[in-house]
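Listed below, chain by chain, are the residues.
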Amino acid sequence: MSLRTFDWHGLTLAALRIASGLLLVQHGTAKLFGFPGGDRANIDLNTLVGWSGPIEFAGGLLIILGLFTRPVAFVLSGFMAAA
């Protein structure tokens with residue numbers, strides 16, 4: 001297989017999807033479980049910070065797995081814009 005026929009487009013999109021999903025999962029676990037980064041703060045779920053942990057964690061997992069990527073990305077981008 002030569003470099004001309006190799007699918008660089010699909011490979012780079014998959015790498016970007018997985019990397020951004022891992023970053024979202026990392027931020028979600030830091031807010032939910034205190035890992036990585038120390039102690040878990042007592043966060044009220046009725047605040048924006050309280051909602052961001054579960055949304056980042058679940059959305060990041062869905063993006064990594066490639067399930068419902070467009071609707072999840074739309075919800076996460078709107079949520080991050082509001083944050």
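See above for the structure.
All values derive from a computational prediction rather than experimental measurement. Per-chain numbering applies: the sequence of each chain, read as written, is numbered from 1 onward. In keeping with the model being predicted, local features are shown solely for residues with a pLDDT of at least 70 and side-chain atom pairs are shown and tallied solely at 80 or more, while totals for entire chains, interfaces and linings include all residues. Only hydrogens and water are set aside; all other atoms, that is, all heavy atoms of the structure, feed into the side-chain values.

Observations concerning the overall build of the protein chain
By the criteria applied, helices consist of DSSP H or I runs no shorter than four residues and strands consist of E runs no shorter than two, each listed in order from the N terminus. Each helix and strand in the protein chain was counted, giving three helices and zero strands. Secondary structure of the protein chain in N-to-C order comes out as α-α-α. A burial count over the protein chain gives 19% of its 83 residues as buried. At a minimum sequence separation of 6, the contacts of the protein chain that also span at least 24 residues come to 56%. Of the roughly 6100 Å² of accessible surface on the protein chain, 70% is carried by carbon and sulfur atoms. Burial status follows relative accessibility: with a 1.4 Å probe on protein chains alone, a residue under 20% of its type maximum counts as buried, one over 50% as exposed, and anything between as partly exposed. Contacts are assigned to residue pairs with any non-hydrogen atoms lying within 4.5 Å of each other. Reported accessibility uses the Shrake-Rupley method at a 1.4 Å probe radius. Residues are deemed covered only where the shown protein chains occlude them.

A short note on the packing of helix 2 (residues 48–65) against helix 3 (residues 69–82)
For helices, the axis comes from a line fit to the C-alpha atoms of the stretch in contact; other axes are also lines fit to C-alpha atoms, and the angle between any two N-to-C directions lies between 0 and 180 degrees. Where helix 2 meets helix 3, the closest approach of the two axes is 10 Å, and the angle between their N-to-C directions is 155 degrees. Compared by their axis directions, helix 2 and helix 3 come out roughly antiparallel. For the element pair helix 2 and helix 3, the recorded crossing hand is left-handed. Across from Leu 48, Trp 51, Ser 52, Ile 55, Glu 56, Gly 59, Leu 62 and Ile 63 in helix 2, the residues of helix 3 making contact are Thr 69, Val 72, Leu 76, Phe 79, Met 80 and Ala 82. Classification convention: Asp, Glu, Lys, Arg as charged; Ala, Val, Leu, Ile, Met, Phe, Trp, Tyr, Cys, Pro as nonpolar; all other residues, Gly among them, as polar. Its residues assigned to classes, the contact of helix 2 with helix 3 shows 10 nonpolar, three polar and one charged. Our angle categories are set so that under 35 degrees counts as roughly parallel, over 145 as roughly antiparallel, 65 to 115 as roughly perpendicular, and the remainder as oblique. Handedness of a crossing is defined here by the sense of rotation of the near helix relative to the far one, left-handed for an anticlockwise turn of less than a right angle and right-handed for a clockwise turn.

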